[in-house]
Amino acid sequence: MSHTPGVRQAQKRKTRQALLDAALGLLEEQSLSSLGLREVTRAVGVAPTTFYRHFRSTADLGVALVEEALGSLHPMIRTTVSPAEDSDERIARAVELIAGHVAAHPAHVRFVARERHGGVQPVREAIREQLARFAEEVRAELAKDAESAGWSEADLRMLAGLYVDQMLITASLFLEALDAPEEERRRAAETAARQLRLISVGRRHWLD
């Protein structure tokens with residue numbers, strides 16, 4: 001039974017995830033460019049040759065980590081700019097969602113923050129592609145809003161980029177305050193809300 005295709009596939013997925021988890025843990029203390037595959041396989045307890053059954057290189061593993069870190073966030077990003085609520089409600093919800101994600105996945109957030117401008121080109125490109133997808137999805141949501149009447153596509157793309165960049169800044173604020181006292185985390189939330197509100201106010205007056 002242990003040799004059936006279904007069991008082998010399950011074991012393969014388990015080993016692949018173990019390699020990703022081990023790498024993410026090791027990357028808490030170093031950049032991807034300095035990570036060796038032997039470090040990763042040693043942490044998992046498998047032979048180095050096993051690594052190549054799942055990833056072509058540590059850069060390939062890094063790209064997989066980008067997908068794991070950002071790929072599932074698209075619905076959340078769209079939700080933060082949904083026109084279903086007023087501006088203050090959207091901002092409060094966006095701050096709450098980002099804070100919750102950082103608290104639940106700090107290692108992923110730290111990895112993306114570090115590698116966005118890191119030394120591994122395929123990983124930088126993968127992050128840039130994901131952020132571009134976020135920006136396009138945000139643009140599409142913004143275009144549905146009555147406040148966007150009269151806006152050009154170029155200006156909507158610019159606004160979407162501002163929101164995505166600000167969400168990254170907000171995530172960094174919460175990451176820095178993650179282990180801080182409650183008062184500091186509250187200030188981080190207030191700062192994030194004020195920054196998003198500034199973009200919102202500017203948006204309302206852009207066509208004046």
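Structure shown above.
The sections below set out a description of the structure shown in this document. (Residues numbered from 1 in each chain as written. Predicted model: local features only at pLDDT ≥ 70, side-chain atom pairs only at ≥ 80, totals over all residues. Heavy atoms only, no water.)

**Focus: the packing of aromatic side chains**
Working step 1: Scanning the entire structure with this criterion turns up three aromatic pairs.
Working step 2: The structure contains a cluster of three or more aromatic residues connected by ring pairs, namely F51, Y52 and F55. (Phe/Tyr/Trp six-rings, centres within 6.5 Å; stacked < 30°, edge-to-face > 60°.)

**Observations regarding a nonpolar patch on the surface**
Working step 1: Residues M158, L162, W206 and L207 make up a contiguous nonpolar surface patch of about 400 Å² in total accessible area.
Working step 2: By the secondary structure assignment, M158 is in helix α9 (residues 153-176).
Working step 3: M158 gets classed as partly exposed once you look at its relative accessible area, which sits at 40%. (Patch = residues over 30% accessible without salt bridge, like charges linked within 9 Å, V, L, I, M, F, W, Y side chains within 5 Å. Areas by Shrake-Rupley, 256 points an atom, 1.4 Å probe, with all protein chains shown as cover. Salt bridge = Lys/Arg side-chain N within 4 Å of Asp/Glu carboxyl O. Helix = DSSP H or I, 4+ residues; strand = E, 2+ residues; numbered from the N terminus. Buried < 20%, exposed > 50% of the residue type's maximum accessible area, 1.4 Å probe, protein only.)

**So, the pattern of salt bridges**
Working step 1: Tallied over the full model, the rule gives 15 salt bridges.
Working step 2: Connected through shared salt-bridge partners, R90, D145, E147 and R203 make up one network.

**Let's talk about the packing of helix α7 (residues 106-115) against helix α8 (residues 121-143)**
Working step 1: At their nearest, the axes of α7 and α8 sit 10 Å apart, and the two run at 110° to each other. The angle between the axes of α7 and α8 places the two elements in the roughly perpendicular class. Crossing of α7 over α8 shows left-handed handedness. Residues F111, V112 and E115 of α7 lie in contact with α8, whose contacting residues are V123, R124 and I127.
Working step 2: Residues belonging to the contact of α7 with α8 are distributed by class as follows: four nonpolar, no polar and two charged. (Axes fitted to C-alpha atoms, helices over the stretch in contact; angles between N-to-C directions. Parallel < 35°, antiparallel > 145°, perpendicular 65-115°, else oblique. Left-handed = near helix turned anticlockwise from the far one by under 90°. Contact = heavy atoms within 4.5 Å. Nonpolar A, V, L, I, M, F, W, Y, C, P; charged D, E, K, R; others polar.)

**A closer look at helix α2 (residues 37-44)**
Working step 1: Along α2, the positions that sit buried rather than exposed are L37, V40 and T41. For α2, the angular spread of buried residues about the axis comes to 90°, placing them on one side. In α2, those exposed residues whose orientation departs by more than 90 degrees from the buried face are R38, R42 and A43.
Working step 2: Among the structural elements, α1 (5-26), α3 (48-51) and α4 (58-70) are those in contact with the buried residues of α2.
Working step 3: Two residues or fewer after α2 comes G45, characterised by a positive phi angle close to 85°. (Arc of directions from axis to C-beta.)

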